[in-house]
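Listed below, chain by chain, are the residues.
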Amino acid sequence: MTSSSKISSSDGAIRKQKKKSIACRRCHSHKIKCTGGQPCLKCRQAGCPAECHYVNRDRQIKVHESYLEELAAENQRLRSQLSQSPGLLTPREHQGNDEDLPEPDADTHVRNPMLSERAWFLPYDPSLPPIHVCEAACTAFATRLRKVLTKSETTSHMPRTQYTPETSLMKMCNPAMEWPSLPKARLLLQIVFSQVTRVYHLVLRKSTIDELEDAYRKENFDDPVLTCKFFALFALGEVYSARSTPSLECNVPGVAYYVNAMTMIPILPERPSLAHIETLLLLSLYSFFLNRRHSAFLLVGSAMRLGLTVGLNHNIPESKCPDPVQREHRTRLWWAIYVFDRMYGSKVGWPIQISDADIYVDMPSNVSGDIHNDHTSDTEFLIASIELAKITGQVIDRVYSRKRFPESFLQREQKLLISLKEWSCALPPQIRLNRDGPVPMNIISLHLQFNQCIMLASRPVLLHGLIQATSPEPTTEDNARTNIRQTLKTLSDACIHAARHTHSLIVEEWTNGSVPIFGYFYAHYLFSSALIMVISSLVYPENSNDFALFEAAFEILRAMSSHGNLAATEFYDNLECVKQCLDKIRTSEGGHVQSDLSRVAESSTDSLAIIAPNQLGPFGNTAGSGIPEHTVPGSYANDMAFLGESMEEFLAQPDVDFLLDPSLTDTVYSWPNLSLWTA
């Protein structure tokens, strides 16, 4: 008989006692029967309901002694199991007690090894609830990296303090704030059309310009919906031009327009218009310039729910919306919400807010007769962006969620990389990087997100390589282990290749002066690739030159931070902590970290190293001087990540042959106990 059944039988043997009612203090003192309730009937009739209070009683009950003994034995058994769990041992303890460990749980080889048993909470303010830190966040990955480098459980996550707080924003609120002059307003709109709406469809070009001209002609500056929308546009125009004079409260241009627009939407409309949804999306995008990622998430969530209210996720009948331009605007506006939802989630690891199965609207299409080119975004570009956002959402769900999956972790990795390869192969020629002439900014942005998606999917395997590189004793090799290590190295190479390509693209934009100095996304992509470069230089001796790419990213983020970029300041501070850990390692160990994964390096030269590390300049390109050539992005296309023979073999393995023996992959899925509880 099991302990639980014994407990149940013992509990059933105890005689059930009749529950005694508890009288309120007044009824008890007057020795009258109390009816219960708050207040009771007697107190209400006496006209003193406020005096109706009840005494909290800690009653003593009788239980059998055997029941208490069974509870104590169950407690001891659970404590014994907890102390023997391999997930709670350090790498050194784990190797020294392999013979004493129980068999791994069946879920061990199907869960992302980077996830611990419990969620990660960080107490920023004792007076407020702790903040949940998602595993997919790059700052969380940086903390994981520092824990591995220091081999210390006391290494804590760095709190995000580099954002504009509410107190500073409220000081900038000015209800009497005036619109800019008409020429300035026109220029700010042109900047938004050039920098934003080519990437995301948020507004109609001609309709917005007509609304602006009409507002100035009629001096109609009192409409709160119109004012809110245009203040959001003016804020984005100023932050992308970076020509405004920063205030004492915030160095980010356009923040005054942002604050006043935000004060106009505290109560969301019961009958929303498309202008409300457009405004929420514009404000959510600007929130990233203030490094207010949570605010951006809340705003896009509100936009999604308002979109569901007006049915943007459905095709509207022509009889309900005769204008084809407006019908297409509805469609594209929904997909902008969709892309924002997946993109924001990939930055911090939040789950997607709506399932693909609940979306019934068609993909964007060209509108015949749109002589004004009202839709500023290219249709094929938008479709590619939507498909990539869909895969990004799958990466967050299948790699970083705590769900139970029927497939193993590596099987899910395989399916995700197959989807990314198919996406890359299906790109139209005008959206590829290997093209003659300058590459448009929106194309570069799309490929940076593609690289980030590869890194998100594969970087847990690369971090595992670092853990193995720092393990005290090498493991014995056989053919089976060599094969699995070759597979892991293939995935690691894909991650490294994507990081190098991201670094090359951003450095090219930086040297051309095309990086928005206050922009969030370029800083984020550069930070993400820099973390990969650190691990690559440590795990693989032949990749030692990747550390120069890390140092270049470090300097670019330093420059962006010095100009007031809040996100770059946060990422620079994280990299500085990583750099301090590396300096300690090089001081104590002579600067060398060996890896048993490097044994298969010679046999994998055909995998993903399209450009050998020793041919890379200090900025991650083929120019020996370190200054990128304009042809580098075209010759170093990211779709080459899937051309290696070992990658092709990995992607071609059928499911029936891909069921790996858990005993061979134990080391992948038995991560050290990097405690995620910080509260």
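Just so it is clear, the model here is predicted, and its values are computed rather than measured.

Calculation criteria
Per chain, the residues get numbers from 1 upward, laid out in the order the sequence is written. For this predicted model, a pLDDT threshold of at least 70 governs which residues receive local features, and a threshold of 80 or more governs which side-chain atom pairs are given and counted, while totals over whole chains, interfaces and linings are taken from all residues. Heavy atoms from the whole structure form the basis of all side-chain values; hydrogens and water molecules are not counted. UniProt positions are given in the numbering used here, feature names are shortened, and annotations may be inferred rather than shown by experiment. By the criteria applied, helices consist of DSSP H or I runs no shorter than four residues and strands consist of E runs no shorter than two, each listed in order from the N terminus. To estimate how far a helix should reach, multiply one less than its number of residues by 1.5 Å. Between buried and exposed lies partly exposed: a residue is buried under 20% and exposed over 50% of the maximum accessible area for its type, with that area taken using a 1.4 Å probe on protein chains only. In protein, a polar contact requires one atom able to donate a hydrogen and another able to accept it; more generally it is a pair of N or O atoms within 3.5 Å, and residues adjacent in sequence count only if both atoms are side-chain atoms. Directions from the helix axis toward the C-beta atoms define the arc. Throughout, a residue-residue contact means that at least one pair of heavy atoms, one from each residue, lies within 4.5 Å. Classification of ring pairs uses Phe, Tyr and Trp, with its six-membered ring standing for Trp, and accepts pairs whose centres are within 6.5 Å; under 30 degrees between planes counts as stacked, over 60 as edge-to-face, and the remaining range as tilted. Here, over-ring charges are defined by two tests on the NZ atom of lysine or the CZ atom of arginine: distance to the ring centre within 6 Å, and angle to the ring normal within 35 degrees. Lines are fitted to the C-alpha atoms to define the axes, a helix being fitted only along its stretch in contact, and any angle between axes, read from their N-to-C directions, falls within 0 to 180 degrees. Roughly parallel covers angles under 35 degrees, roughly antiparallel covers those over 145, roughly perpendicular covers 65 to 115, and oblique covers all other angles. Note on convention: the crossing is left-handed when the near helix lies turned anticlockwise from the far helix by less than a right angle, right-handed when the turn is clockwise. Note on residue classes: Ala, Val, Leu, Ile, Met, Phe, Trp, Tyr, Cys and Pro are nonpolar, Asp, Glu, Lys and Arg are charged, and everything else, Gly too, is polar.

Caption draft 1: Broad picture of the UniProt feature "domain: Zn(2)-C6 fungal-type" (unreviewed entry) in the chain. Per the UniProt annotation, the sites labelled "domain: Zn(2)-C6 fungal-type" (unreviewed entry) are residues 23-54. Summarising residues 23-54: 34% helix, 0% strand, and an end-to-end C-alpha distance of 7 Å.

Caption draft 2: Structural detail: helix H10 (residues 224-241). Between its first and last C-alpha, H10 extends 25 Å over 18 residues, near the 26 Å set by a 1.5 Å rise per residue. Of all 18 residues making up H10, 15 are buried, and the element is well covered by its neighbours. Its side-chain oxygen 3.1 Å from the backbone nitrogen of Val 225, Asp 223 forms the N-cap of H10. Backbone geometry just downstream of H10 places Ala 242 in the positive-phi region, at approximately 55°.

Caption draft 3: Layout of helix H9 (residues 205-218). In this model, H9 (14 residues) spans 20 Å end to end at C-alpha, consistent with the 20 Å of a helix rising 1.5 Å per residue. Those residues of H9 not exposed but buried are Thr 208, Leu 212, Ala 215 and Tyr 216. Down the axis, H9 shows its buried residues gathered within 95° of arc, on one side only. In H9, the exposed residues that point more than 90 degrees away from the buried face are Arg 217 and Lys 218. Of the surrounding elements, those touching the buried residues of H9 are helix H8 (182-195) and H10. Following H9 by one or two positions, Glu 219 has its phi on the positive side, about 55°.

Caption draft 4: Spotlight on the environment of His 276. Mapped onto the fold, His 276 is located in helix H12 (residues 274-287). With 31 residues separating them in the primary sequence, His 276 and Gly 307 have C-alpha atoms 9.7 Å apart. Ignoring sequence-local partners within four residues, the contact set of His 276 consists of Val 225, Pro 269 and Leu 306. Looking at His 276, its side chain comes within polar contact range of the side chain of Ser 273, at 2.9 Å.

Caption draft 5: Representation of the packing of aromatic side chains within the structure. In this structure the tally under the stated criterion is 27 aromatic pairs. Residues Phe 230 and Phe 234 carry aromatic rings whose centres are separated by 6.1 Å and whose planes lie at 40° to one another, so their mutual orientation is tilted. In this pair, Phe 230 and Phe 234 are both assigned in helix H10, four residues apart and thus about one turn of the helix distant. The ring of Phe 193 carries Arg 205 above its face, with NZ or CZ at 5.1 Å from the centroid. Positioned above the aromatic ring of Tyr 540, the side-chain terminus of Lys 489 is 4.6 Å from the ring centre.

Caption draft 6: Structural context of the packing of H9 against H10. Two numbers describe how H9 lies on H10: the axes approach to 12 Å, and their chain directions differ by 115°. The orientation of H9 with respect to H10, classified from their angle, is roughly perpendicular. The way H9 lies across H10 gives a crossing that is left-handed. Contacts from Thr 208, Glu 211, Leu 212 and Ala 215 in H9 reach Leu 226, Lys 229, Phe 230, Leu 233 and Phe 234 in H10. Its residues assigned to classes, the contact of H9 with H10 comprises six nonpolar, one polar and two charged.

Caption draft 7: Structural detail: the environment of Thr 569. Along the polypeptide, Thr 569 turns up in helix H21 (residues 566-589). What makes Thr 569 buried here is its relative accessible area of 19%. Taking the C-alpha atoms as reference points, Thr 569 and Gln 162, separated by 407 residues in sequence, lie 6.7 Å from one another.

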